[in-house]
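Next come the chains, spelled out residue by residue.
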Amino acid sequence: MSEEPVVGFDRVSKAFDGGVRALDEVSLRVGAGELLVLLGLSGSGKSTLLRHVDGLQRATSGTVTVLGRDVGRLRGSELRSLRRRVGFVFQQFHLVGSLTVLENVCTGALGTLRGPRLGLFTYPRRVRHAAMERLERVGLADQAMQRADTLSGGQQQRVAVARALLQRPEILLADEPVASLDPDSAAQVMNLIAEIGREDGLTVVCSLHQVDLALSWGHRIVGLRSGRVVLDTPVHGLSREEAMSIYSKVGSELSGVGP
Ligand SMILES: Nc1ncnc2c1ncn2[C@@H]1O[C@H](COP(=O)(O)OP(=O)(O)OP(=O)(O)O)[C@@H](O)[C@H]1O
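As the structure is a computational prediction, the values presented were derived from the model and not from experiment.

### Quick word on the confidence of the model for the protein chain
Do not read the predicted coordinates in detail wherever pLDDT is low.
Step number 1: Overall, the prediction assigns the protein chain a mean pLDDT of 92, with 95% of residues at 70 or greater.
Step number 2: In this model residues 250-259 is a low-confidence stretch, pLDDT under 50, and it forms 13 contacts with partners more than four residues away in sequence or in other chains.

Shown next, in the form of structure tokens:
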């Protein structure tokens, strides 16, 4: 990959108070339009890595570069403007259950609006229209006026994707987006994320626990173990056994890694 990456980690370490080293000299580059899957045991550093991309957490050492900006140096309005270019989808959806589906999607525009919004019709018409378009895209236009908590888990996650899309992100981060879903809904949500990524040229970084989903939808897999990259390889040609080895072997035994 010769051109500048959309997301670049250069020897990034993160030490939390209490001594946990959640990231340990992580270096990786994510190119435009790539769908990169992070795999690793619980506690291996996947969420921490994602949180460094939009500056929710800051590196103890090393450099995180996103869309040409050194994230560690951004403050205030510069950081907010970077975050508007980065959508985030979480395992627990983070919808407001008592609000309609459409209003939940509208909240994706709050970063660009002044002041609080209470009620669907306090959002500008253009925002409501754009939100409706995103709901059509994720196949939930018919549910727009339902309370969010009446939807299934898979539908709620599709609403969360629509909300993230409202800000027209260039990067989509997804932290275990299908961990709470049944297998069919999980496949649907992954399919949606991959399809939208492809159609919009989005760069996607997604953490997963399911190796099979990673192999089906990812372009590349990065395996983490105790905060270190132990596998970094294209999915094409990667066997399930090789991918599974992230969970069973230590770094030096794995292929495709480091120096
Ligand atoms: N705010 C924090 N303060 C202290 N330690 C933390 C903090 N956040 C994460 N950690 C620790 O950093 C390590 C990596 O955590 P992280 O949540 O990134 O792992 P993960 O791979 O996303 O795990 P999971 O799959 O369970 O979500 C863990 O040991 C965790 O306990």
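### Here's the deal with the environment of A15
Step number 1: Inspection of the secondary structure puts A15 in strand β1 (residues 7-15).
Step number 2: A15 sits in the partly exposed class, given a relative accessible area of 34%.
Step number 3: Note: C-alpha distance between A15 and S61 (46 residues apart in sequence) is 8.9 Å.
Step number 4: Excluding residues that lie within four positions of it along the chain, A15 makes contacts with V20, R21 and T60.

### Some thoughts on the site of the ligand
Step number 1: Around the ligand lies a shell of 13 residues, among which S42, G43, K46, S47 and T48 are the nearest.
Step number 2: Contact between the ligand and G43: an oxygen atom at 2.8 Å from a main-chain N or O atom of the residue.
Step number 3: Contact with the protein chains hides 62% of the accessible area of the ligand, taken as 640 Å² for the molecule alone.
Step number 4: Of the residues that constitute the shell around the ligand, the class distribution is four nonpolar, seven polar and two charged.

### Section: the domain arrangement of the protein chain
As a measure of interface size, the accessible area lost when the parts come together is often cited.
Step number 1: Domain parsing of the protein chain yields domain 1 (1-85 + 169-259) and domain 2 (95-168).
Step number 2: Domain 1 and domain 2 are separated by 26 Å when their C-alpha centres are compared.
Step number 3: At the interface, 17 residues of domain 1 touch 13 residues of domain 2.
Step number 4: Roughly 1,200 Å² is buried in total at the junction of domain 1 and domain 2, and carbon and sulfur atoms are behind 62% of that figure.
Step number 5: Connecting domain 1 to domain 2 are six residue pairs in polar contact (both at pLDDT 80 or more).

### Quick notes on the nonpolar core
In globular proteins that are soluble, nonpolar side chains generally tend to be buried together.
Step number 1: Counting residues in hydrophobic clusters, the biggest one holds 56 residues, and the most contacted among them are L39, L135, V138, V161, V178, L208 and I221.
Step number 2: Each of domain 1 (1-85 + 169-259) and domain 2 (95-168) gives at least three residues to this core.
Step number 3: The contacts of L135, once residues within four sequence positions are left out, are V101, L102, V105, L140, A141, A144 and A162.
Step number 4: Counting residues in hydrophobic clusters, the runner-up holds 27 residues, among them V64, V66, L67 and V222.

Definitions and cut-offs
Residues numbered from 1 in each chain as written. Predicted model: local features only at pLDDT ≥ 70, side-chain atom pairs only at ≥ 80, totals over all residues. Heavy atoms only, no water. pLDDT = per-residue confidence, 0-100. Contact = heavy atoms within 4.5 Å. Helix = DSSP H or I, 4+ residues; strand = E, 2+ residues; numbered from the N terminus. Buried < 20%, exposed > 50% of the residue type's maximum accessible area, 1.4 Å probe, protein only. Near = heavy atom within 4 Å. Polar contact = N/O pair within 3.5 Å; in protein donor to acceptor, adjacent residues only side chain to side chain. Areas by Shrake-Rupley, 256 points an atom, 1.4 Å probe, with all protein chains shown as cover. Nonpolar A, V, L, I, M, F, W, Y, C, P; charged D, E, K, R; others polar. Domains from an automatic or database assignment. Buried area = accessible area lost by both parts, 1.4 Å probe. Core = buried A, V, L, I, M, F, W, Y, C linked by side-chain atoms within 4.5 Å.

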